[in-house]
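So you can see what is in the structure, the chains are spelled out below.
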Amino acid sequence: MICPFCRHDDSRVIDSRPVEDGTQIRRRRECPQCSQRFSTQEVALLNIIKRSGATEPFSREKVLVGVRKACQGRPVNEDDLILLAQRVEEALRSTGQAEIEANEVGMAILAPLRDLDEVAYLRYASVYRNFASLEDFEGEIALLRALPSNSSNPSSASKTLTNSGKS
Ligand SMILES: [Zn+2]
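Here we summarise the structure given alongside this text. (Residues numbered from 1 in each chain as written. Predicted model: local features only at pLDDT ≥ 70, side-chain atom pairs only at ≥ 80, totals over all residues. Heavy atoms only, no water.)

### Remarks on the overall build of the protein chain
Then comes step 1: Across its full length, the protein chain holds six helices and six strands.
Then comes step 2: Each of the 167 residues in the protein chain was classed as buried or not, and the buried ones make up 26%.
Then comes step 3: A sequence separation of at least 24 residues applies to 40% of the contacts in the protein chain between residues at least 6 apart.
Then comes step 4: Of the accessible surface of the protein chain, which amounts to about 11,200 Å², a share of 50% is contributed by carbon and sulfur atoms. (Helix = DSSP H or I, 4+ residues; strand = E, 2+ residues; numbered from the N terminus. Buried < 20%, exposed > 50% of the residue type's maximum accessible area, 1.4 Å probe, protein only. Contact = heavy atoms within 4.5 Å. Areas by Shrake-Rupley, 256 points an atom, 1.4 Å probe, with all protein chains shown as cover.)

The following block contains the structure:
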């Protein structure tokens, strides 16, 4: 960052703090040449385009609300959910786009949720992707089975799934 006083092409960050619920960062900088101090504010551009066409800033809290519902009664704790929301935000930011369609947020939730809890994933996917029939569930479950899971032994997958209804 160029010094606004002497135009020196570098400055040192001496303090950095989140403002506006962490969606912005205010930095106090000092010029190593003239020792003047100045402030900068960084606003991360990540807006969500809603179906109505309106945009709003991305909110991890909104991700949490949707995912929390799908995880009700599942062995998933709040820390897992917070981490998931963080992964979603990172995935969206890594696209480099400043504006993202709301349905892409939904898509970005699916993969980490699947890693976290397959039942919660199915619940979420059924709503988000408008599952209309048992066949939709069956198709999705078939996909889940085909995916490389956490299980180290793929041949045991079918046995495990036969018992899954009991739990
Ligand atoms: Zn300076």
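Having seen it, we continue.
### Considerations on the sheet that holds strand S5 (residues 55–57)
Then comes step 1: The three strands lie next to each other as S5-S4-S6, forming an open sheet whose pairing is mixed. In the strand order of this sheet, the two ends are held by S5 and strand S6 (99–101), each with one partner. For this sheet, the mean inter-axis angle between neighbouring strands, taken without regard to orientation, is 35°.
Then comes step 2: Pairing analysis gives three bridges linking strand S4 (residues 47–49) to S6, with the strands arranged parallel. Following the sheet pairing, Ile48 is matched in S6 by Ile100. (Pairing = 2+ DSSP bridges. Axes fitted to C-alpha atoms, helices over the stretch in contact; angles between N-to-C directions.)

### Quick word on the packing of aromatic side chains
Then comes step 1: With the rule as written, the count across this model stands at two aromatic pairs.
Then comes step 2: On the basis of an interplanar angle of 85° and a centroid distance of 5.0 Å, the ring pair of Phe131 and Phe137 is categorised as edge-to-face.
Then comes step 3: Under the relative-accessibility criterion, Phe131 is labelled buried at 16%.
Then comes step 4: The cationic tip of Arg114 hangs over the ring face of Tyr121; the distance from NZ or CZ to the ring centre is 5.9 Å. (Phe/Tyr/Trp six-rings, centres within 6.5 Å; stacked < 30°, edge-to-face > 60°. Lys NZ or Arg CZ within 6 Å of the ring centre and 35° of its normal.)

### Examining the sheet that holds strand S2 (residues 24–30)
Then comes step 1: Here we have three strands laid out as an open sheet, ordered S1-S2-S3, and antiparallel in their pairing. Looking along the sheet, the strands with just one partner apiece sit at the ends: strand S1 (12–19) and strand S3 (37–43). Sheet twist, expressed as the mean angle between neighbouring strand axes with direction ignored, is 20°.
Then comes step 2: Strand direction decides the pairing type here: S2 and S3, joined by seven bridges, are antiparallel. Each bridged residue has a counterpart across the sheet, and for Arg27 the counterpart in S3 is Thr40.

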